[in-house]
Amino acid sequence: MAIELMTHQHKILILDFGSQYTQLIARRIRELNVYSEIHSNNYPVEKIISEKPRGIILSGGPMSVYDEGALTIDKKVFEIGIPILGICYGMQLIAKYNNGKVDAAKNREYGKVHIQILHEDELLKNVENNSIVWMSHGDYITKMPEDFIVTARTDNTPICAISNTTKKIYGIQFHPEVAHTKDGKKIIENFLFNICNCNADWTAGNFIQLSINEIKEKVGNKKAICALSGGVDSSVAAVLVHKALKENLICIHVDTGLMRKNESENIVKLFRDNFNIKLIFIDASELFLERLKNVVDPEQKRKIIGNTFIEVFEKEAKKIPDAEFLVQGTLYPDVIESVSVKGASVTIKTHHNVGGLPEKMNLKLIEPFRELFKDEVRAIGRELGLPEMFINRHPFPGPGLAVRVLGEVTKERLDLLREADDIFINLLHEDGYYEKIWQAFAVLLPVQSVGVMGDARTYENVLALRAVSSTDGMTADWFRFDHDFLEKAANKIIRSVKGINRVVYDISSKPPSTIEWE
Ligand code: XMP
């Protein structure tokens, strides 16, 4: 972030050597209310000195410090008197540049390992002896760097933690930022507060203020547009960017006809009335339905919906000819990292560019959350005053209900699903389940079953209910409801929604199933 910090704001600088965990280090620091910035490994020492960070963290990395083209660091960093913590590759760099030696280990060490504390310095203060740490390395230090002592070892790694307390330089072979390292938080806390003497004053409010300044500077008096889906990420992004650009932010909400009950209405109401944000509402439901006619293949549905969305959005956006920027709520997990070894720098690519809109329309991106995780965006949303209903929303897929009406998508079937889904979700709220569940929804099956209502035989649709626990959607477990709740939900749906006479509950986990049915 290129930003003007309030002068008293303490900062930790993270130099990135390409570890998959670098963003996690930043996150752990933010969790402890300290501001941090990530820069590439070759960030100039002069800049570091002028920015006066309270401490520097050297991240891990996928290479060996002796590899040809290995990412290096300016040796002067070790002489400027700012406390340093080297993690994994970062520790090996400390060794290499301080007359130590690093060699390839016979066996890679990967996973959970117990550490033995040999000397409890400031960094390892209150870390339990024999506690579990997360290792992922193929090299290890074979000769100690000058003026350092060993502070911890493991069975396979005799030099697992080192320190030079006079220079305040510390190295650890394991990853404190990974949740598996039991006392990882303690170690980072020790570095921030015992060694760097940071203030714990970094908050969502600070983030908002800095982002507003940054966006203002970037956009000037140009215009930005935002595809507002109503999901957490785009909603929070829109409110944040609106604070910076006011009427120069124009949101566009496309009703695809595949939204949940009252969803588009609520979005329009919230953003226009509560936040006073310029919002163009487009009802494109007929067009989407027309194009989905007779389509049953899920991937085909996705393609049609994606392309139609771009077409509709683009047409509308072109009516704002001086828009130069596109706001996106891209989160860090949406970002794929790759280390460009040749250029000795880290390049980060996104894979969520609203179907390639920015390239196509020649728009520059504003992505205020590229470095954040979902729960952090939720905290920012709360700070910005978004209602809980928007903040705690379960994820909703881009193709919407089209992948939950199995088989052909028609207005009638969508309406049926909308009613049933609304009943299910409202009951989850009423019974205090909603926030315990990662994602819940109803699915309308392309199956009819026989039932009996009163004295009459019915032959109607089957509805499946799905609710899962998960942390990231990559794996998921089916949610264990109280049976009475399932009974209540099934009864209410069958009684209230004409056209559904049977409700089933999905007890498959992911893998081998997926969360959605299509
Ligand atoms: P699956 O069904 O793959 O879903 O286990 C994992 C998560 O991704 C969401 N999902 C999608 N999101 N476009 C999206 O934006 C899609 O085509 C799509 N398909 C699935 C799904 O809701 C779940 O949260």
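About the thresholds
- Residues numbered from 1 in each chain as written.
- Predicted model: local features only at pLDDT ≥ 70, side-chain atom pairs only at ≥ 80, totals over all residues.
- Heavy atoms only, no water.
- Salt bridge = Lys/Arg side-chain N within 4 Å of Asp/Glu carboxyl O.
- Helix = DSSP H or I, 4+ residues; strand = E, 2+ residues; numbered from the N terminus.
- Buried < 20%, exposed > 50% of the residue type's maximum accessible area, 1.4 Å probe, protein only.
- Near = heavy atom within 4 Å.
- Polar contact = N/O pair within 3.5 Å; in protein donor to acceptor, adjacent residues only side chain to side chain.
- Nonpolar A, V, L, I, M, F, W, Y, C, P; charged D, E, K, R; others polar.
- Phe/Tyr/Trp six-rings, centres within 6.5 Å; stacked < 30°, edge-to-face > 60°.
- Lys NZ or Arg CZ within 6 Å of the ring centre and 35° of its normal.
- Pairing = 2+ DSSP bridges.
- Axes fitted to C-alpha atoms, helices over the stretch in contact; angles between N-to-C directions.
- Contact = heavy atoms within 4.5 Å.

Asker: Please provide a residue-by-residue account of the pattern of salt bridges, values included.
Answerer: Counting across every chain of the model gives 33 salt bridges. When the shortest N-O distance is used, the salt bridge between D375 and R27 registers 2.5 Å. Of this pair, D375 sits in helix α11 (residues 374-383) while R27 sits in helix α1 (residues 22-31); the two residues are 348 residues apart in sequence, bridging distant segments of the chain. With relative accessibility at 42%, the residue D375 sits in the partly exposed group. Residues E79 and K167 are paired through a salt bridge, measuring 3.7 Å at the closest nitrogen-oxygen approach. In this pair, E79 is assigned in the loop between β3 (55-58) and β4 (84-87) and K167 in the loop between β9 (161-164) and β10 (169-172), connecting sequence segments 88 residues apart. Through salt bridges with shared partners, a single network forms among R27, R28, E31 and D375.

Asker: How would you explain the site of the ligand if you had to name every residue and give the values?
Answerer: Taken together, the residues surrounding the ligand are R302, P395, P397, G398, P399, W438, Q439, G473, K510, T514, I515 and E516. In the model, an oxygen atom of the ligand is placed 3.0 Å from a nitrogen or oxygen of the G398 main chain. I515 places a polar main-chain atom, nitrogen or oxygen, 2.8 Å from an oxygen atom of the ligand. Here the shell around the ligand is composed, by residue class, of 5 nonpolar, 4 polar and 3 charged.

Asker: Outline the packing of aromatic side chains, supporting the account with residue identities and numerical values.
Answerer: For the coordinates displayed, the defined rule picks out 16 aromatic pairs. Note on Y433 and F479: the rings are 5.7 Å apart at their centroids and 85 degrees apart in plane angle, and the pair reads as edge-to-face. Remark: F479 occurs in the loop between β20 (477-478) and α14 (483-496) and Y433 occurs in the loop between α13 (411-430) and β18 (439-453); sequence separation between them is 46 residues. By relative accessible area, Y433 is classed as buried at 13%. One aromatic cluster is present, formed by F424, Y433, W478, F479, F481, F485 and Y505 through successive ring pairs. The cationic tip of R27 hangs over the ring face of F373; the distance from NZ or CZ to the ring centre is 4.9 Å. Above the ring of F396, the side-chain terminus of R260 is found at 3.8 Å from the ring centroid.

Asker: Summarise the sheet that holds strand β11 (residues 223-227); cite the residues concerned and give the values.
Answerer: Reading across the sheet, the 5 strands line up as β13-β12-β11-β14-β17 and stay open at both edges, with parallel pairing between neighbours. Looking at which strands have only one partner, the edges of the open sheet turn out to be β13 (278-283) and β17 (364-366). Strand-to-strand twist in this sheet, taken as the mean axis angle between neighbours without regard to direction, amounts to 30 degrees. The strands touched by helix α5 (residues 204-219) are β14 (323-327) and β17; relative to β17, the strand with the most contacts, the crossing angle is about 165 degrees.

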